Amino acid sequence: HFPMDIEESFAKVPLFWQETVQKGMIPRLCQLIDRPPLGVLGVSTCMNGKDFDYYIAVASGKPLPEGMVEYQVPACTWAIFECVGPMPKAIQELQQRIITEWLPVSGYEYADAPDIEVYPEGDQSSPDYKCDVWLPVVKKK
């Protein structure tokens, strides 16, 4: 659970990832992947303007292991952006550009659904690492 302060969340979410890796959870999560999007997901939910929940997750229909929680992502239209570069800096810069540059002129607005980051296997510190940002959108009225 994080406050809706972009600078604070840009500092704290990577620490959450680090903690999750150190606890050995990523291999356990990867064993559950059985459907797209393929990769480990960062899912931001509960965007009420004050705070949000951030899940490190995978897409799966397998039984939920003890100690994990389930979150079902609603069906939605997604604007999907490719991100290239070392994490977390590259994805944080892309997310800011999406919100400040693309969204205001796109003809779309945020939908009532989570943002999703899709991290496929690979060296996340590499300058050519590729991942995706999925932004839930609806056409502006």
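How each quantity is defined
Residues numbered from 1 in each chain as written. Predicted model: local features only at pLDDT ≥ 70, side-chain atom pairs only at ≥ 80, totals over all residues. Heavy atoms only, no water. Helix = DSSP H or I, 4+ residues; strand = E, 2+ residues; numbered from the N terminus. Rg over C-alpha atoms; globule rule 2.2 N^0.38 Å. Buried < 20%, exposed > 50% of the residue type's maximum accessible area, 1.4 Å probe, protein only. Contact = heavy atoms within 4.5 Å. Pairing = 2+ DSSP bridges. Salt bridge = Lys/Arg side-chain N within 4 Å of Asp/Glu carboxyl O. Polar contact = N/O pair within 3.5 Å; in protein donor to acceptor, adjacent residues only side chain to side chain. Expected span 1.5 Å × (residues − 1). Bend = angle between axes of the 7 residues up to and from the residue.

1. Looking at the overall build of the protein chain
And then number 1: If you tally the helices and strands in the protein chain, you get three helices and seven strands.
And then number 2: Reading the protein chain from its N end, one meets helices and strands in the order β-α-α-β-β-β-α-β-β-β.
And then number 3: Its C-alpha atoms give the protein chain a radius of gyration of 15 Å, within 12% of the compact-globule value 14 Å for 141 residues.
And then number 4: Reported as C-alpha extents along the three principal axes, the dimensions of the protein chain are approximately 45 × 30 × 25 Å.
And then number 5: Across the 141 residues that make up the protein chain, the buried fraction comes to 38%.
And then number 6: A sequence separation of at least 24 residues applies to 69% of the contacts in the protein chain between residues at least 6 apart.

2. Some points on the pairing of strand E6 (residues 115-119)
It is a general feature of regular strands that their side chains alternate between the two faces of the sheet.
And then number 1: Burial within E6 is extensive, with five of its five residues counted as buried.
And then number 2: Note: strand E2 (residues 40-45) against E6, five bridges, orientation antiparallel. Considered in E6, the bridge of Gly-42 is made with Glu-117.
And then number 3: By the bridge criterion, three bridges tie E6 to strand E7 (residues 130-139) in an arrangement that is antiparallel. Opposite Val-118, over in E7, you have Asp-132 as the bridge partner.

3. Quick notes on the pattern of salt bridges
And then number 1: Summed over all chains, the structure comprises five salt bridges.
And then number 2: In this structure, the salt-bridge partner of Glu-19 is Lys-23, at a minimum N-O distance of 3.2 Å.
And then number 3: The partner of Asp-34 in a salt bridge is Arg-35, with the nearest N and O atoms 3.2 Å apart.
And then number 4: Residue class for Arg-35 comes out partly exposed when judged on its relative accessible area of 41%.

4. So, the side chain of Ser-106
And then number 1: Structurally, the position occupied by Ser-106 is in the loop between helix H3 (89-105) and strand E5 (108-110).
And then number 2: Within the local environment of Ser-106, its side chain forms a polar contact with the backbone nitrogen of Tyr-108, the two atoms lying 3.0 Å apart.

5. Considering H3
And then number 1: Helix length check: H3 (17 residues) gives 24 Å between terminal C-alpha atoms against 24 Å at 1.5 Å per residue, within 8%.
And then number 2: Where H3 bends most, the angle comes to about 40°, and this point is Ile-98.
And then number 3: All of the buried residues in H3 are Ala-90, Ile-91, Gln-92, Leu-94, Gln-95, Ile-98 and Leu-103.
And then number 4: In this fold, the buried residues of H3 make contact with helix H1 (6-22), strand E4 (77-84), E5, E6 and E7.

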